[in-house]
Amino acid sequence: LDPVLFNGVNLMADLASEFTLVSPSPSIKTDIEDFFETIDGQNLVDLTMRNSLIFGAGWIEKIFNINKTSLVSLEGIDSKRMDYQKDNYGNVLLDPKTGKPVGYMFRILSGEASLPEEIQKKIVSVGNVTGIKVEKENIAQFPRTKIAEGFYPVGIVEPLYKLSLE
(Lines give C-alpha, C1' and ligand atoms only; values in the text may rest on other atoms or scores of the structure.)
Protein backbone atom coordinates (compact mmCIF):
# COMPACT_ATOMS: atom_id res chain seq x y z
CA LEU A 1 0.00 0.00 0.00
CA ASP A 2 2.85 2.42 0.71
CA PRO A 3 3.97 3.01 -2.92
CA VAL A 4 0.36 3.26 -4.09
CA LEU A 5 -0.52 5.71 -1.32
CA PHE A 6 2.65 7.75 -1.86
CA ASN A 7 2.02 8.04 -5.60
CA GLY A 8 -1.67 8.73 -5.05
CA VAL A 9 -0.92 11.64 -2.71
CA ASN A 10 1.67 12.97 -5.16
CA LEU A 11 -0.75 12.74 -8.09
CA MET A 12 -3.62 14.39 -6.21
CA ALA A 13 -1.37 17.17 -4.88
CA ASP A 14 0.12 17.79 -8.32
CA LEU A 15 -3.31 17.98 -9.93
CA ALA A 16 -4.65 20.29 -7.23
CA SER A 17 -1.56 22.51 -7.45
CA GLU A 18 -2.15 23.24 -11.12
CA PHE A 19 -4.40 26.25 -11.40
CA THR A 20 -4.89 29.46 -13.36
CA LEU A 21 -5.42 32.79 -11.68
CA VAL A 22 -8.39 34.68 -13.14
CA SER A 23 -9.15 38.32 -12.39
CA PRO A 24 -11.32 40.97 -14.06
CA SER A 25 -8.46 43.43 -13.45
CA PRO A 26 -5.14 42.83 -15.21
CA SER A 27 -3.29 44.97 -12.64
CA ILE A 28 -4.68 43.01 -9.69
CA LYS A 29 -3.80 39.75 -11.44
CA THR A 30 -0.24 41.02 -11.98
CA ASP A 31 0.06 42.12 -8.33
CA ILE A 32 -1.10 38.70 -7.10
CA GLU A 33 1.22 36.85 -9.49
CA ASP A 34 4.17 39.01 -8.34
CA PHE A 35 3.33 38.39 -4.67
CA PHE A 36 2.90 34.68 -5.36
CA GLU A 37 6.32 34.54 -7.02
CA THR A 38 7.96 36.50 -4.18
CA ILE A 39 6.72 34.08 -1.52
CA ASP A 40 7.41 30.94 -3.61
CA GLY A 41 3.68 30.40 -3.80
CA GLN A 42 3.80 27.28 -5.94
CA ASN A 43 5.70 25.39 -3.23
CA LEU A 44 3.31 26.79 -0.61
CA VAL A 45 0.29 25.48 -2.54
CA ASP A 46 1.99 22.11 -3.00
CA LEU A 47 2.83 21.84 0.74
CA THR A 48 -0.68 22.89 1.72
CA MET A 49 -2.28 20.35 -0.61
CA ARG A 50 -0.03 17.51 0.59
CA ASN A 51 -0.72 18.35 4.26
CA SER A 52 -4.44 18.51 3.52
CA LEU A 53 -4.38 15.11 1.86
CA ILE A 54 -2.21 13.45 4.51
CA PHE A 55 -3.31 15.13 7.75
CA GLY A 56 -6.72 16.48 6.79
CA ALA A 57 -5.77 20.16 6.73
CA GLY A 58 -3.12 22.44 5.36
CA TRP A 59 -2.20 25.46 7.46
CA ILE A 60 -0.72 28.78 6.39
CA GLU A 61 0.44 31.66 8.58
CA LYS A 62 -0.47 35.10 7.30
CA ILE A 63 2.39 37.51 8.02
CA PHE A 64 1.51 41.20 8.16
CA ASN A 65 3.64 44.33 8.29
CA ILE A 66 4.40 45.89 11.68
CA ASN A 67 1.20 48.01 11.56
CA LYS A 68 -0.91 45.00 10.52
CA THR A 69 -2.20 46.96 7.54
CA SER A 70 -0.69 44.88 4.75
CA LEU A 71 -0.04 41.21 4.10
CA VAL A 72 3.68 40.79 3.38
CA SER A 73 4.13 37.02 3.26
CA LEU A 74 2.59 33.59 3.69
CA GLU A 75 4.35 30.66 5.36
CA GLY A 76 3.37 27.01 5.47
CA ILE A 77 2.97 25.49 8.92
CA ASP A 78 3.54 21.87 9.93
CA SER A 79 0.01 20.48 10.20
CA LYS A 80 0.98 18.11 13.02
CA ARG A 81 1.81 21.09 15.23
CA MET A 82 -1.44 23.03 14.87
CA ASP A 83 -4.49 22.67 17.09
CA TYR A 84 -7.40 24.74 18.31
CA GLN A 85 -7.24 26.81 21.48
CA LYS A 86 -8.88 24.75 24.22
CA ASP A 87 -10.16 25.14 27.74
CA ASN A 88 -8.71 23.29 30.74
CA TYR A 89 -10.93 20.28 29.95
CA GLY A 90 -9.61 19.93 26.39
CA ASN A 91 -12.72 21.35 24.69
CA VAL A 92 -12.28 23.64 21.69
CA LEU A 93 -12.85 27.26 22.77
CA LEU A 94 -15.68 28.76 20.72
CA ASP A 95 -16.74 32.33 20.09
CA PRO A 96 -20.19 32.59 21.73
CA LYS A 97 -21.52 34.77 18.88
CA THR A 98 -20.33 32.74 15.89
CA GLY A 99 -19.82 29.26 17.35
CA LYS A 100 -16.44 29.11 15.59
CA PRO A 101 -13.06 28.48 17.26
CA VAL A 102 -11.52 31.57 18.86
CA GLY A 103 -8.01 30.78 17.71
CA TYR A 104 -5.27 28.23 17.36
CA MET A 105 -2.28 26.81 19.19
CA PHE A 106 1.10 26.10 17.64
CA ARG A 107 2.36 23.08 19.58
CA ILE A 108 5.77 23.33 21.20
CA LEU A 109 7.51 19.99 21.58
CA SER A 110 9.20 19.05 24.85
CA GLY A 111 12.65 18.96 23.25
CA GLU A 112 12.45 22.59 22.17
CA ALA A 113 13.65 24.08 25.44
CA SER A 114 16.38 26.02 23.64
CA LEU A 115 13.93 28.46 22.06
CA PRO A 116 14.72 32.19 22.31
CA GLU A 117 13.48 33.84 25.51
CA GLU A 118 10.97 36.04 23.64
CA ILE A 119 9.26 32.89 22.31
CA GLN A 120 9.50 31.04 25.65
CA LYS A 121 7.52 33.90 27.26
CA LYS A 122 4.61 33.20 24.88
CA ILE A 123 4.34 29.48 25.68
CA VAL A 124 1.22 28.39 27.58
CA SER A 125 -0.23 25.02 28.56
CA VAL A 126 -3.99 24.72 28.26
CA GLY A 127 -6.19 21.68 27.71
CA ASN A 128 -3.27 19.24 27.33
CA VAL A 129 -1.68 21.39 24.63
CA THR A 130 1.57 23.25 25.24
CA GLY A 131 2.23 25.91 22.67
CA ILE A 132 1.86 29.46 21.50
CA LYS A 133 -1.59 30.98 21.04
CA VAL A 134 -2.17 32.23 17.52
CA GLU A 135 -5.08 34.52 16.67
CA LYS A 136 -7.43 33.17 14.01
CA GLU A 137 -6.82 36.25 11.84
CA ASN A 138 -3.18 35.14 11.42
CA ILE A 139 -3.97 31.61 10.20
CA ALA A 140 -5.57 30.16 7.10
CA GLN A 141 -6.72 26.56 7.44
CA PHE A 142 -7.46 24.48 4.35
CA PRO A 143 -9.44 21.43 5.50
CA ARG A 144 -9.87 18.54 3.09
CA THR A 145 -12.98 16.84 4.48
CA LYS A 146 -14.78 17.38 7.76
CA ILE A 147 -17.07 14.72 9.15
CA ALA A 148 -20.43 16.05 10.38
CA GLU A 149 -19.94 19.22 12.40
CA GLY A 150 -16.57 18.25 13.82
CA PHE A 151 -13.61 20.60 13.91
CA TYR A 152 -11.01 18.09 12.82
CA PRO A 153 -10.80 17.31 9.11
CA VAL A 154 -9.83 13.90 7.76
CA GLY A 155 -7.05 13.23 5.27
CA ILE A 156 -6.86 10.23 2.97
CA VAL A 157 -3.88 8.50 4.56
CA GLU A 158 -5.32 7.47 7.92
CA PRO A 159 -8.50 5.84 6.54
CA LEU A 160 -6.50 4.00 3.87
CA TYR A 161 -3.92 2.87 6.41
CA LYS A 162 -6.64 1.54 8.72
CA LEU A 163 -8.25 -0.22 5.77
CA SER A 164 -4.96 -1.88 4.88
CA LEU A 165 -4.70 -3.35 8.38
CA GLU A 166 -8.02 -5.18 8.03
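Above: the structure in question.
Residues numbered from 1 in each chain as written. Predicted model: local features only at pLDDT ≥ 70, side-chain atom pairs only at ≥ 80, totals over all residues. Heavy atoms only, no water.

1. With respect to the packing of aromatic side chains
Part 1: Tallying each qualifying case throughout the model produces 6 aromatic pairs.
Part 2: With a centroid separation of 5.6 Å and 35° between ring planes, the pair formed by Tyr84 and Tyr104 is classed as tilted. Linking Tyr84 in strand β3 (residues 82-84) with Tyr104 in strand β4 (residues 103-107), this pair joins segments that are 20 residues apart in sequence. Here Tyr84 and Tyr104 have matching classes, each one buried.
Part 3: Connected via pairs of aromatic rings, a cluster forms that spans Trp59, Tyr84, Tyr104, Phe151 and Tyr152. (Phe/Tyr/Trp six-rings, centres within 6.5 Å; stacked < 30°, edge-to-face > 60°. Helix = DSSP H or I, 4+ residues; strand = E, 2+ residues; numbered from the N terminus. Buried < 20%, exposed > 50% of the residue type's maximum accessible area, 1.4 Å probe, protein only.)

2. Comments concerning the sheet that holds β4
What links the strands of a sheet is backbone hydrogen bonding, and the strands pair in either a parallel or an antiparallel sense.
Part 1: Taken in spatial order, the 4 strands make up an open sheet running β3-β4-β6-β5, and their pairing is antiparallel. Bordering the open sheet on either side are β3 and β5 (123-126), each of which pairs with just one other strand. Averaged over all pairs of adjacent strands, the angle between their axes in this sheet comes to 50°, without regard to strand direction.
Part 2: Looking at chain direction, β3 and β4 are connected through 3 bridges and run antiparallel. Within β4, the position partnered with Met82 by the bridge is Phe106. (Pairing = 2+ DSSP bridges. Axes fitted to C-alpha atoms, helices over the stretch in contact; angles between N-to-C directions.)

3. Side note on unusual backbone geometry
Both trends apply: most residues other than glycine have a negative phi, and most peptide bonds are in trans.
Part 1: With a phi angle near 60°, Asp40 is a residue other than glycine that sits in the positive phi range.
Part 2: Along the chain, the position of Asp40 falls in the loop between α2 (26-38) and α3 (41-55).
Part 3: With relative accessibility at 41%, the residue Asp40 sits in the partly exposed group.
Part 4: Even without glycine at this site, Lys68 takes up a positive phi of about 60°.
Part 5: Here Lys68 shows up in the loop between β1 (57-64) and β2 (71-77).

4. A short note on the sheet that holds β1
Part 1: Strands sit in the order β2-β1-β7 across an open sheet of 3 strands; the sheet is antiparallel. Among the strands making up the open sheet, the edge pair consists of β2 and β7 (139-143). Across the sheet, the mean angle separating the axes of adjacent strands is 25° when strand polarity is ignored.
Part 2: For β1 and β7, the ladder comprises 5 bridges, and the chain directions are antiparallel. Its bridge partner lying in β7, Trp59 is registered against Gln141.
Part 3: Here α3 sits on the sheet and contacts β1, β2 and β7; the angle it forms with β1, its principal contact strand, is near 140°. (Contact = heavy atoms within 4.5 Å.)

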